[in-house]
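Structural overview for review
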Amino acid sequence: MGTALIILAAGKGTRMKSDLPKVLHQVAGAPLLIHAMDSGAALDPERIVVVAGHGAAAVERAAKDRDDTAEVVRQDQQLGTGHAVRMARPALDGFDGDVIVLYGDTPFIRPETLAALAAARQVHDVVVLGFEAADPGRYGRLVTHGDTLERIVEFKDADDHVRAITLCNSGVLAADAATLFDLLEAVTDDNAAGEFYLTDVPGLARARGLSTGVVRCPEAETLGVNSRADLAVAEATFQARARARALDSGVTLVAPETVVFAHDTVIGPDTVIEPYVVFGPGVTVENGALIRAFSHLEGCHVSRGAQVGPYARLRPGAELAEDVRIGNFCEVKNALIDAGAKVNHLSYIGDAQIGAGTNIGAGTITCNYDGVFKHRTEIGRNVFVGSSTMLVAPVRLGDDSMTASGSVITRDVAAGDLAIARGRQENKPGLARRMFEKLKAAKAKSRKGA
Ligand code: UD1
Ligand code: MG
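None of these values were measured; they are calculated from a predicted model.

1. Here we look at helix 1 (residues 32-41)
The buried count for helix 1 comes to 8 of 10 residues, which makes it a mostly enclosed element. Buried within helix 1 are the following residues: L32, L33, I34, H35, A36, M37, S39 and G40.

Listed below in structure tokens is the structure:
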């Protein structure tokens, strides 16, 4: 029997003080919503329904972008979490498996925790994910009796006795679809907030003699984002975990606290990452690479033994084969750099292909953009590109060719040829000395006049 995820993402997130819907704010380069979808993905859900409200069109785009099978339903007025889940009912018409409700603003629920929740569903009709809160604050409280969850009481509705409970509601709940939607029909807005609470479901289930239980997880997993400060905490939490994971998997981080990972960064063992390296989304680095200080990588692949930086920038589509060297102040975009090729100093390589063993001299630029179109530069194997060559694309350099320093290459160069494309040098004997004398005399004269 399959599982359906319902992800609640309709809230505005007033405290974010943002035009962007809260669930689209990013942690580690991905919207909060995507983190929630990814943790839910561990359950291999048959269906995913996202309940959107504020900024629904943008939320829908983000959800579909991640998983085009995700369905997005609208909740035009935010009348409460119970009301939000009800909105998913039509989308799940005919579905008779289990439903797990997640919040789109709660990015850190671990897959293992959701697996435990799914397992507990074998025992109980309704299962809620709870946590022992260091400071229970305004969380809903779980009122238990032995293994049974008697009911959830929202903070606003709780008396002092209930407020003293430290076992809190994370918001994650599991039940089979028919039971859940049936119980939700009975939920009213007769409470302190005037909202339809999802949290009324366990109490209603108990009243019908159904079995209810709690699965506990560490508080850190239930971290929700309501403000920019929370977002910063979430980012820090993500980074701390990502660094620990990298170290644990055999990656050397010279100064771990200075390295920033994206949600999907993959790094092989025996790679060394120097201080202040930033990974944007979509980076894979194979084993035994060296990423030197102050480099910025996104949407790229770095193969075994390659060295990048210091101060290098790899942009989307940069593909470095084994043992490639990309040095300081080089930028590479949408370019395949083949094995052992070197781009060591101050270069821009965009929309290009560079053959194995080729050396790109300092200050070389692929002039890939004519103001309207992008064009490709293709460079063969074992080519020597002289320093400060401008490669005006589209252009090709054949294998074993060379360009002279300072050349502006506008035509293809055949294999084995040397291209020189610059003004010829002319030396004027003694002219520099005579110029200096003349200029100095002019300066002295103007001082006297002043
Ligand atoms: C909720 C729980 C509370 C729990 C806490 C954990 C209820 C009634 N209370 O309280 O027990 O301890 O979360 O953080 O469920 N949402 C919608 N539509 C709505 C209302 C909310 O999509 O009409 C979404 C929000 O965008 C958010 C999530 O549901 O992602 C939770 O809503 P929120 O208003 O934050 O609930 P809390 O008051 O924090
Ligand atoms: Mg909340």
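2. Some remarks on the sheet that holds strand 27 (residues 359-360)
Adjacent strands of a sheet pair through backbone hydrogen bonds, lying either parallel or antiparallel. Read across the open sheet, the 10 strands follow the order 12-14-17-20-23-25-27-30-33-35; overall the sheet is parallel. With partners counted over all chains shown, the strands left at the sheet margins are strand 12 (252-253) and strand 35 (418-419), one partner each. In this structure, strand 14 (residues 272-273) lies alongside strand 17 (residues 290-291), joined through 2 bridges in parallel fashion. Each residue of the ladder has a partner; that of I273, found in strand 17, is I291.

3. Quick word on the site of ligand 1
Around ligand 1, the structure places 19 residues, and the nearest of them are Q75, G80, T81, E154 and N169. Within the backbone of A10, a nitrogen or oxygen atom sits 3.0 Å from an oxygen atom of ligand 1. The side chain of D105 places a nitrogen or oxygen atom 3.3 Å from an oxygen atom of ligand 1. Protein burial of ligand 1: of its 750 Å² of free accessible surface, 80% is covered by the chains. Elements with a contribution of two residues or more to the shell around ligand 1: strand 1 (3-9), helix 3 (81-86) and strand 10 (167-176). A breakdown of the residues in the shell around ligand 1 according to their chemical character gives 8 nonpolar, 9 polar and 2 charged.

4. What about the packing of helix 1 against helix 2 (residues 56-66)?
Helix-helix packing: each pair is described by the crossing angle between the helix axes and the interaxial distance. Direction vectors running N to C along helix 1 and helix 2 enclose 40 degrees, while the axes themselves pass 10 Å from each other. Relative to helix 2, helix 1 is oriented oblique. Here the hand of the crossing between helix 1 and helix 2 comes out right-handed. In this structure, helix 1 uses L33, I34, M37 and D38 to contact helix 2, whose residues at the interface are V59, A62, A63 and R66. Grouping the amino acids of the contact of helix 1 with helix 2 by side-chain chemistry returns 6 nonpolar, no polar and 2 charged.

5. Brief notes about helix 8 (residues 228-248)
Across its 21 residues, helix 8 extends 30 Å between first and last C-alpha, which sits within 8% of the 30 Å expected from 1.5 Å per residue. Taken as a whole, helix 8 has its buried residues at L231, A234, F238, Q239, A242, R243 and A246. Down the axis of helix 8, the smallest arc covering the buried residues is 165 degrees, so these residues share one side. Turned more than 90 degrees away from the buried face of helix 8 sit A229 and D248, all of them exposed. In this structure, the buried side of helix 8 is in contact with strand 2 (26-27), helix 1 and strand 12. Positive phi shows up at G250, right after helix 8, with a value of about 95 degrees.

6. A look at a nonpolar patch on the surface
Judged by side-chain polarity, Y276, F294, Y311, F329 and L346 come together as a nonpolar surface patch covering roughly 540 Å² of accessible area. On the secondary structure map, L346 appears in the loop between strand 25 (342-345) and strand 26 (348-354).

7. A look at the nonpolar core
With 54 residues, the main nonpolar core has F279, V302 and L314 as its most contacted residues. Counting only elements with at least two residues in this core, the list comes to helix 8, strand 22 (318-320), strand 24 (331-337), strand 26 and strand 32 (395-397). If one sorts the elements of this core by residue count, helix 8 sits on top with 5 residues. Residues from two domains meet in this core; each of domain 1 (3-222) and domain 2 (228-419) gives at least three. Not counting residues within four places of it along the chain, the set of residues in contact with F279 comprises V259, V260, F261, A262, T265, I267, I273, V285 and L297. I48, I100, V127 and A174 belong to the second-largest nonpolar core, a separate cluster that totals 35 residues.

8. Notes on the packing of aromatic side chains
This structure, assessed with the given rule, holds 5 aromatic pairs. Note on Y276 and F294: the rings are 5.1 Å apart at their centroids and 5 degrees apart in plane angle, and the pair reads as stacked. Here Y276, found in the loop between strand 14 and strand 15 (278-279), pairs with F294, found in the loop between strand 17 and strand 18 (296-297); they are 18 residues apart in sequence, far enough to count as distant. Taking the relative accessible area as the measure of exposure, F294 reaches 41% and is therefore partly exposed. Look at Y311 and F329: their rings are 5.1 Å apart centre to centre, the planes differ by 15 degrees, and that puts the pair in the stacked class. Taken together, the residues span a long stretch of sequence, with Y311 in the loop between strand 20 (307-308) and strand 21 (313-314) and F329 in the loop between strand 23 (325-328) and strand 24 at a distance of 18 residues. Here Y311 falls in the partly exposed class, since its relative accessible area comes to 39%. These aromatic residues form a ring-pair network of at least three members: Y276, F294, Y311 and F329. Across the ring face of F155, the terminal group of R163 is positioned such that the distance to the ring centre comes to 3.9 Å. The aromatic ring of Y369 is capped on one face by K374, whose charged end is 5.2 Å from the ring centroid.

The rules behind each value
- Residues numbered from 1 in each chain as written.
- Chains lettered and ligands numbered in written order.
- Predicted model: local features only at pLDDT ≥ 70, side-chain atom pairs only at ≥ 80, totals over all residues.
- Heavy atoms only, no water.
- Buried < 20%, exposed > 50% of the residue type's maximum accessible area, 1.4 Å probe, protein only.
- Helix = DSSP H or I, 4+ residues; strand = E, 2+ residues; numbered from the N terminus.
- Pairing = 2+ DSSP bridges.
- Near = heavy atom within 4 Å.
- Polar contact = N/O pair within 3.5 Å; in protein donor to acceptor, adjacent residues only side chain to side chain.
- Areas by Shrake-Rupley, 256 points an atom, 1.4 Å probe, with all protein chains shown as cover.
- Nonpolar A, V, L, I, M, F, W, Y, C, P; charged D, E, K, R; others polar.
- Axes fitted to C-alpha atoms, helices over the stretch in contact; angles between N-to-C directions.
- Parallel < 35°, antiparallel > 145°, perpendicular 65-115°, else oblique.
- Left-handed = near helix turned anticlockwise from the far one by under 90°.
- Contact = heavy atoms within 4.5 Å.
- Expected span 1.5 Å × (residues − 1).
- Arc of directions from axis to C-beta.
- Patch = residues over 30% accessible without salt bridge, like charges linked within 9 Å, V, L, I, M, F, W, Y side chains within 5 Å.
- Salt bridge = Lys/Arg side-chain N within 4 Å of Asp/Glu carboxyl O.
- Core = buried A, V, L, I, M, F, W, Y, C linked by side-chain atoms within 4.5 Å.
- Domains from an automatic or database assignment.
- Phe/Tyr/Trp six-rings, centres within 6.5 Å; stacked < 30°, edge-to-face > 60°.
- Lys NZ or Arg CZ within 6 Å of the ring centre and 35° of its normal.

The quantities given are spatial measurements derived from coordinates; they are silent on function.
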